[in-house]
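# Coordinate analysis (summary)
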Amino acid sequence: MNIHYINKLRNAVKTQVTLQMGDGLEGAQMRRLIQKTVVDELTEMLSAGTKAFEFKRGQSNVVMFVGLQGAGKTTTCTKFAYHYMKKGWRVGVVCADTFRAGAFTQLQMNAAKIKCPFYGNQNETDPVKIAEAGVNYFRKNQYEIIIVDTSGRHRQEEALFDEMIQVQDRINPDTGIFVMDGSIGQACFAQAKAFKEAVRVGSVIITKLDG
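Sequence positions are assigned chain by chain, starting from 1 and proceeding in written order. Only residues with pLDDT of at least 70 are given local features in this predicted model, and only at 80 or more are side-chain atom pairs given and counted; all residues enter the totals for whole chains, interfaces and linings. By convention in this description, side-chain values take in all heavy atoms of the structure and omit both hydrogens and water.

## Points about the overall build of the chain
What counts here: Note on conventions: DSSP H or I runs of at least 4 residues are helices, E runs of at least 2 residues are strands, and numbering of each starts at the N terminus. We call a residue buried when its accessible area falls under 20% of the maximum for its residue type, exposed when it is over 50%, and partly exposed in between, using a 1.4 Å probe and counting protein chains only. By the convention used here, residues are in contact when the closest approach between their heavy atoms is within 4.5 Å. We count Lys and Arg on the positive side and Asp and Glu on the negative side, and we leave His and both chain ends out. In this description, the location of a charge corresponds to atom NZ of lysine, CZ of arginine, CG of aspartate or CD of glutamate.
The helix and strand inventory of the chain stands at seven helices and six strands. If one aligns the C-alpha atoms of the chain with their principal axes, the spans along those axes are about 70 × 40 × 30 Å. By the burial criterion, 38% of the 211 residues in the chain qualify as buried. Considering only intrachain contacts with a sequence separation of at least 6, the fraction spanning at least 24 residues in the chain is 77%. Of the side chains in the chain, 27 bear a positive and 21 a negative charge, and the two mean positions are spaced by 5 Å.

## Notes on the sheet that holds strand 2 (residues 91-96)
As a reminder of what qualifies: Here, a strand pair is defined by DSSP locating no fewer than two bridges between the strands. Orientation is described by axes fitted as lines to C-alpha atoms, over the contacting stretch for helices, and by angles from 0 to 180 degrees between their N-to-C directions.
Across the sheet, six strands lie side by side as 3-2-4-1-5-6; this open sheet has parallel pairing. Of all strands in the sheet, those bounded by a partner on one side alone are strand 3 (118-119) and strand 6 (203-207). Summarising the sheet, strand 1 (residues 61-67) and strand 5 (residues 175-181) pair through five bridges and their orientation is parallel. Among the inter-strand pairings, Met64 is bridged to a residue of strand 5, identified as Gly176. Against the sheet, helix 6 (residues 158-171) makes contact with strand 1 and strand 4 (145-150), and its axis sits at roughly 175 degrees relative to strand 1, the strand it touches most.

## Overview of the nonpolar core
We apply this condition: Buried Ala, Val, Leu, Ile, Met, Phe, Trp, Tyr and Cys residues that are joined via side-chain atoms within 4.5 Å together make up what is termed a nonpolar core.
Grouped together as the largest cluster of nonpolar side chains are 25 residues, with contacts concentrated most on Val66, Val94, Ile146, Val148, Met164, Ile171 and Phe195. Listed by contribution, the elements that provide at least two residues to this core are strand 1, strand 2, helix 5 (127-140), strand 4, helix 6, strand 5 and helix 7 (188-198). Of the residues forming this core, the biggest block, five residues, is contributed by helix 5. In this structure, Met164 is in contact with Met64, Val66, Arg153, Phe195, Ala198 and Val199, ignoring residues within four places of it in sequence. By size, the runner-up hydrophobic cluster in this structure holds 21 residues, among which are Phe55, Val63, Ala71 and Ala81.

## Regarding the packing of helix 6 against helix 7
Heads up, the rule is: Throughout, the term roughly parallel applies to angles under 35 degrees, roughly antiparallel to angles over 145, roughly perpendicular to angles from 65 to 115, and oblique to all others. Two helices crossing with the near one rotated counterclockwise from the far one by less than a right angle form a left-handed crossing, whereas a clockwise rotation gives a right-handed crossing. For this classification, Asp, Glu, Lys and Arg are treated as charged, while Ala, Val, Leu, Ile, Met, Phe, Trp, Tyr, Cys and Pro are nonpolar and the rest, including Gly, are polar.
Two elements in contact, helix 6 and helix 7, have axes whose closest approach is 10 Å; the angle formed by their N-to-C orientations is 40 degrees. Our classification of the angle between helix 6 and helix 7 gives oblique. Helix 7 is crossed by helix 6, and the crossing has right-handed handedness. Contact with helix 6, carried on its side by Phe161, Met164, Ile165 and Gln168, involves Ala194, Phe195 and Ala198 of helix 7 and no other residues of that element. Along the lines of polarity and charge, the residues of the contact of helix 6 with helix 7 split into six nonpolar, one polar and no charged.

The values reported here are purely geometric and, on their own, carry no functional implication.
See below:
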């Protein structure tokens, strides 16, 4: 993490713990207080006072997944779909990635494994048209969560960024999820900032944390 955020967290934790030390806390109680304060301050830093988008039952909620190539976006789409399917939601996935070879087959096979309805078109090269057609198909069939997997991109690839913006404008998603590779270190800031400025990002999923 950037040292600026480390200092901010340290100072906030120190202030909160100091304010509560007057209660005569020591030993295990003090450790629990410090642990709770660290969690609370981290949560506050990450949420920045905003509230996550909540899916609504009985209507279509469109989720657009964006992120860098190789971050694990397509796999994460499947895990995300499976999570909500287990809770009884009607979920469909749309492959709007026409850039990466094998993206269609990967998402199609993943969707088949979890028995999730899948939409894609290997004969169409325009991801904007595929995304729109897929969303319309699942809306027509009254699916509650529609997940749109887009091409992985890099902040320096202007053409791919423009394509991502066009997809968003056409399908008008209810929320966007930015998938970030947990191993890229401080390079994440510039990438996350570029995506946030280009499209609506409602939340972030960090992958590869086991590494």
